[in-house]
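# Coordinate inspection notes
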Amino acid sequence: MDEQLKAELSKQGIFTTSLQELYNWSRKSSLWPLNFGLACCAIEMIATTMARYDLARFGAEVFRPSPRQADLMIVAGTVTKKMAPQVVRLYNQMPEPKYVISMGACAISGGPFKQGYNVLKGIDRFIPVDVYIPGCPPRPEALIDAFMFLQKKIDAQQITGAARPRHLDADQPSEFPIPEFGPHDLQPTSNPAIWHPPLVQISQAGPDESRHD
Amino acid sequence: MTSSPYLPIVVLLLAALGFAITPLILARLWAKTFSPHKPGASKNAVYECGLASEGDAWIQFKPGYYLYAILFLIFDVEAIFLLPFAVSFSHLSLGACLAMFAFVLLLLEGLLWAWQKKVLVWT
């Protein structure tokens, strides 16, 4: 049904919907986050659920302490290399469909602790991330913004066809390899299937002579 | 046309059954049509806190909890019968009173037996 006819019908008081819209609407309106905090970002995450910011307005007030009942993982804080296997295992144990918000500079890239020997430089090396929120820590408004962005993303999902999300595709994995905490680093250090490092052009020719300030 | 007075109950029962079963059928249909089944080693693990599961879920517990639960039943049953007994005590026949005393003594005997077996001591 095309959008114009739909708008015309709704003007006459006839509400039409499709199975896909109904599915996406119910899915985005009842995201249950995993009750899981790693560092200071978790304090902001808690603040977001409280009365002042009230994440319950978006249907996400039910923070589940068990991954088996959650479908949104908010990676809130610094992921140390010792903790990374546990984070990946928790993600694996969540039922499909599942989404990940990478909250704060640390979860994105290691943040201020990027140079630390024990800090994972971004959780997207091991699990697929849907929304990134910059900030150190991001304010509750930023988390709500990310949440609304994720809702929009879910709303646009197709339930059939090649563009359908991972959880509706039988060929896509539901679990990702859990890295092992080795003596020097995680083994492996990243999952090449999902992590594609940004290409950085490093010139060996010294500073660029053509640029004059 | 006469209808049975139990008809509303049957209708409500059917409605309740439909209310419970329809979502299950819809979910199964949805899973069959769109959402593929994706089990996995972590997902099917015994424990779910993020750490790797160790061992089996079928482990043995101390019987102490079981004995306490059984002993609680003595007091539970006694309380249920003592209240109506106390309420109608003044106009009960002698036979009823004796039967009640025999019942209480039986329960008391069970308690004394457990006491003698040192079940009341938590070791």
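Summarised in this report is the structure supplied together with it.

How large an interface is tends to be reported as the accessible area lost when its parts come together. Each side of the interface is counted separately: chain B has 18 residues, and chain A has 26 residues. Together, the buried faces of chain B and chain A total about 1700 Å²; carbon and sulfur atoms form 54% of this surface. Sorting the residues of chain B by area buried against chain A places Lys38, Lys43 and Glu48 of chain B first, and these three jointly supply 37% of that buried surface. Our count for the chain B to chain A interface comes out at one salt bridge. We note a salt bridge from Glu48 of chain B to Arg68 of chain A, for which the minimum N-O separation is 2.9 Å. The interface formed by chain B and chain A includes 13 residue pairs in polar contact (both at pLDDT 80 or more). Per-class residue counts for the side of chain B that touches chain A are ten nonpolar, five polar and three charged.

In this section: the packing of helix α2 (residues 64-87) of chain B against helix α3 (residues 94-116) of chain B. Residues and elements named next belong to chain B. Direction vectors running N to C along α2 and α3 enclose 160°, while the axes themselves pass 10 Å from each other. In terms of axis orientation, α2 runs roughly antiparallel to α3. Crossing angle aside, the handedness with which α2 passes α3 is left-handed. Where α2 abuts α3, its residues Leu71, Ile74, Phe75, Val77, Glu78, Phe81, Leu82 and Phe85 lie against Cys97, Met100, Phe103, Val104, Leu107, Gly110, Leu111 and Ala114. Class assignment for the residues of the contact of α2 with α3 results in 14 nonpolar, one polar and one charged.

All names here are of chain A. For strand β2 (residues 99-103), the tally of buried residues reaches five of five residues, placing the bulk of the element in the interior. Both faces of β2 are covered, namely the face carrying Tyr99, Ile101 and Met103 and the face carrying Val100 and Ser102. Both strand β1 (residues 72-76) and β2 contribute to a ladder of five bridges, which runs parallel. Looking at the pairing, Met73 lines up with Val100 of β2. You can see the chain leave β1, run along helix α4 (residues 84-93) and come back into β2, and the turn it takes is right-handed. Alignment of β2 against strand β3 (residues 131-133), held across three bridges, turns out to be parallel. When the bridges of β3 are listed, Met103 appears paired with Ile133.

Criteria and cut-off values
Residues numbered from 1 in each chain as written. Chains lettered and ligands numbered in written order. Predicted model: local features only at pLDDT ≥ 70, side-chain atom pairs only at ≥ 80, totals over all residues. Heavy atoms only, no water. Contact = heavy atoms within 4.5 Å. Buried area = accessible area lost by both parts, 1.4 Å probe. Salt bridge = Lys/Arg side-chain N within 4 Å of Asp/Glu carboxyl O. Polar contact = N/O pair within 3.5 Å; in protein donor to acceptor, adjacent residues only side chain to side chain. Nonpolar A, V, L, I, M, F, W, Y, C, P; charged D, E, K, R; others polar. Axes fitted to C-alpha atoms, helices over the stretch in contact; angles between N-to-C directions. Helix = DSSP H or I, 4+ residues; strand = E, 2+ residues; numbered from the N terminus. Parallel < 35°, antiparallel > 145°, perpendicular 65-115°, else oblique. Left-handed = near helix turned anticlockwise from the far one by under 90°. Buried < 20%, exposed > 50% of the residue type's maximum accessible area, 1.4 Å probe, protein only. Pairing = 2+ DSSP bridges. Right-handed = clockwise from strand over helix to strand, strands pointing away.

The values reported here are purely geometric and, on their own, carry no functional implication.
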